[in-house]
Amino acid sequence: MNSESAILARVIRANEDPLTPDVARYLLSMRLPASDEERVNELSAKAQAGSMTDAEVQELDSYLHIGYLLGVLQAKARGLIKQAADVRQQ
């Protein structure tokens, strides 16, 4: 897959430099605004009903790509926070 978010996700995974704890906490706090969550729910309902336009399919795909990217960022952040906690326990 070569969407913008997939490419950026690969760039992030390729970076070996650790995130700082402050950046990790910020990444973990990131969420879609309520209006976007409502739009995703609307699009999902239309998808289940089989009544999406091509533009709506593309829009939902964009939300899914961003969700994937955010998931990659947050997984990396959780790993850093866990690693920092493990070091403190030693």
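Our subject in this report is the structure included herewith. (Residues numbered from 1 in each chain as written. Predicted model: local features only at pLDDT ≥ 70, side-chain atom pairs only at ≥ 80, totals over all residues. Heavy atoms only, no water.)

Digging into the nonpolar core
In this structure, Ala 9, Ile 12, Ala 24, Leu 27, Leu 69, Val 72, Leu 73, Ala 77 and Leu 80 together form the largest nonpolar core, which totals 9 residues. Contributing elements (two or more residues each) for this core: helix H1 (4-14), helix H2 (21-29) and helix H4 (54-89). Examining the composition of this core, we find that 5 residues originate from one element, H4, more than from any other. (Core = buried A, V, L, I, M, F, W, Y, C linked by side-chain atoms within 4.5 Å. Buried < 20%, exposed > 50% of the residue type's maximum accessible area, 1.4 Å probe, protein only. Helix = DSSP H or I, 4+ residues; strand = E, 2+ residues; numbered from the N terminus.)

Concerning helix H3 (residues 34-49)
Compared with an ideal rise of 1.5 Å per residue, which puts 16 residues at 22 Å, H3 spans 23 Å between its outermost C-alpha atoms and is within 8% of the ideal. Taken from the residues just after H3, Gly 50 is the one with a positive phi, measuring 75°. (Expected span 1.5 Å × (residues − 1).)

Here's the deal with the layout of surface pockets
There is about 200 Å³ of room inside the largest pocket. Every residue along the wall of the largest pocket is listed here: Met 30, Arg 31, Leu 32, Tyr 63, Ile 66, Gly 67, Leu 69, Leu 70 and Leu 73. (1 Å grid on protein atoms, 1.4 Å probe; cavity = no way out; pocket = protein on both sides within 12 Å on 5 of 7 lines; lining within 4 Å. Points joined across faces, edges and corners; volume = space filled by probe spheres on them.)

Some thoughts on the environment of Met 52
Within the fold, Met 52 resides in the loop between H3 and H4. In this structure Met 52 comes out as partly exposed when scored by relative accessible area, which is 21%. Those residues in contact with Met 52 that sit more than four places away from it in its chain are Leu 43, Lys 46, Ala 47, Val 57 and Leu 60. (Contact = heavy atoms within 4.5 Å.)

Section: the side chain of Glu 56
Following the sequence through the fold, Glu 56 ends up in helix H4. A distance of 2.6 Å separates a polar atom in the side chain of Glu 56 from a polar atom in the side chain of Lys 46. With near-sequence residues (within four places) excluded, Glu 56 lies in contact with Arg 39, Leu 43, Lys 46 and Ser 51. (Polar contact = N/O pair within 3.5 Å; in protein donor to acceptor, adjacent residues only side chain to side chain.)

Focus on the packing of H2 against H4
Two elements in contact, H2 and H4, have axes whose closest approach is 9 Å; the angle formed by their N-to-C orientations is 140°. On the basis of the axis angle, H2 is oblique to H4. Seen along the crossing, H2 lies across H4 with a hand that is left-handed. Here Pro 21, Ala 24, Arg 25, Leu 27 and Leu 28 of H2 lie close against H4, whose contacting residues are Leu 70, Leu 73, Gln 74, Ala 77, Arg 78, Leu 80 and Ile 81. Among the residues making up the contact of H2 with H4, the classes are represented as 9 nonpolar, 1 polar and 2 charged. (Axes fitted to C-alpha atoms, helices over the stretch in contact; angles between N-to-C directions. Parallel < 35°, antiparallel > 145°, perpendicular 65-115°, else oblique. Left-handed = near helix turned anticlockwise from the far one by under 90°. Nonpolar A, V, L, I, M, F, W, Y, C, P; charged D, E, K, R; others polar.)

What about the packing of H3 against H4?
The contact between H3 and H4 brings their axes to 10 Å, and the two run at 130°. One finds that H3 runs oblique with respect to H4. The hand of the H3/H4 crossing is left-handed. Judged by residue contacts, Asp 36, Arg 39, Val 40, Leu 43, Ser 44, Lys 46 and Ala 47 of H3 engage Glu 56, Glu 59, Leu 60 and Tyr 63 from H4. Residues that form the contact of H3 with H4 fall into these classes: 5 nonpolar, 1 polar and 5 charged.

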